[in-house]
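# Descriptive analysis of the structure
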Amino acid sequence: MNQMCPEGWEVFQGRCYYFENEDMTWPQAQSNCAMMGSTLVSVHSPQEYSFLQQLTNRAGNQKAWVGGFYLQDQWLWIDGSWFYDNNWNNESPNPYPSENPCLMLNSNEAWTNTLCDAGGFASICAKSSNISSRVVCPDGWTGFHGRCYYFNRSPLTWSKADAFCADLESSLVSVHTLEEYSFLYRQISNAAWLGGFYLEGQWIWLDWLLVLSGIF
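Described below are features of the structure shown in this document. As the structure is a prediction and not an experimental result, all values here were calculated from the model.

## Quick look at the overall build of the protein
Each helix and strand in the protein was counted, giving four helices and twelve strands. Within the protein, the proportion of its 216 residues that are buried is 39%. By sequence separation, contacts in the protein at least 24 residues apart represent 64% of the contacts at least 6 residues apart. Carbon and sulfur atoms make up 50% of the accessible area of the protein, which totals about 12700 Å².

## Overview of the packing of aromatic side chains
Taken as a whole and judged by the stated rule, the model has 13 aromatic pairs. Arranged with centres 4.5 Å apart and planes meeting at 5°, the rings of Phe-12 and Phe-51 form a pair that is stacked. A residue pair is termed long-range when its members are at least 10 positions apart, and Phe-12 in strand S1 (residues 10–12) and Phe-51 in helix H2 (residues 46–58) qualify at 39 residues. Neither Phe-12 nor Phe-51 differs from the other in exposure class; each is buried. The structure contains a cluster of three or more aromatic residues connected by ring pairs, namely Phe-144, Tyr-149, Phe-151 and Phe-183. When the ring centre of Trp-9 is taken as origin, the NZ or CZ atom of Lys-127, which lies over that ring, is 4.5 Å away.

## What about the state of the cysteines?
Such a bond, covalent and formed between the sulfur atoms of two cysteines, is termed a disulfide. Per the stated rule, a full pass over the model turns up four disulfides. Paired through a disulfide, Cys-5 and Cys-16 show a sulfur-sulfur distance of 2.0 Å. Every disulfide takes its handedness from the sign of the S-S torsion; for Cys-5 and Cys-16 that torsion is -90°, giving left-handed. Taken together, the residues Cys-5 in the segment before S1 and Cys-16 in strand S2 (residues 15–24) connect sequence positions eleven residues apart. Accessibility expressed as a relative area gives 0% for Cys-5, which makes it buried. For Cys-16, a relative accessible area of 0% corresponds to the buried category. When the cysteines engaged in disulfides are numbered in sequence order, the protein pairs them as 1-2, 3-6, 4-5, 7-8.

The rules we used
Residues numbered from 1 in each chain as written. Predicted model: local features only at pLDDT ≥ 70, side-chain atom pairs only at ≥ 80, totals over all residues. Heavy atoms only, no water. Helix = DSSP H or I, 4+ residues; strand = E, 2+ residues; numbered from the N terminus. Buried < 20%, exposed > 50% of the residue type's maximum accessible area, 1.4 Å probe, protein only. Contact = heavy atoms within 4.5 Å. Areas by Shrake-Rupley, 256 points an atom, 1.4 Å probe, with all protein chains shown as cover. Phe/Tyr/Trp six-rings, centres within 6.5 Å; stacked < 30°, edge-to-face > 60°. Lys NZ or Arg CZ within 6 Å of the ring centre and 35° of its normal. Disulfide = S-S within 2.5 Å.

Here it is, written out as structure tokens:
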């Protein structure tokens, strides 16, 4: 095992990736990833997609399952992050996404959607690296579960608060667990801005993960 990823996995920008050559359906591929403590990969940037294409090419494949799926009239990533929809190939998305609700990577083109039980394909799993969650925060910042937080006591509008954070090379906080919300609640004596906003009919965090209603 190397410092960041288990043996057989590859690292890219702090995450570990495993290319599974065995042909599977989308549900089988996701189950296989889960048994390795991971999920089918959710793609967060064009750079990451390019890396995955190279990974697929090196494995001698052209197509591989990724963690995108169609549910309730929208495309989602399996990790809950925002699905940017500008990466379809020229013939996609399929005009009937509800009938072709699972996403696959094409090593030479953009992604496409097809039947989840379509004939077996390779797949790509992803999980966090083995880097310790312990971090050393700058003076004036407070650490919690691997992240650093700065509490500005000055009253600002949301936009000015976001700009203030940007000057500190950070952003308004995106909250993803009850534990994190409880930690933040204990640090303040009154209301405080968070990094959530409303866009196209849903609440989104500034790090582009969906707001999970069960947190609040």
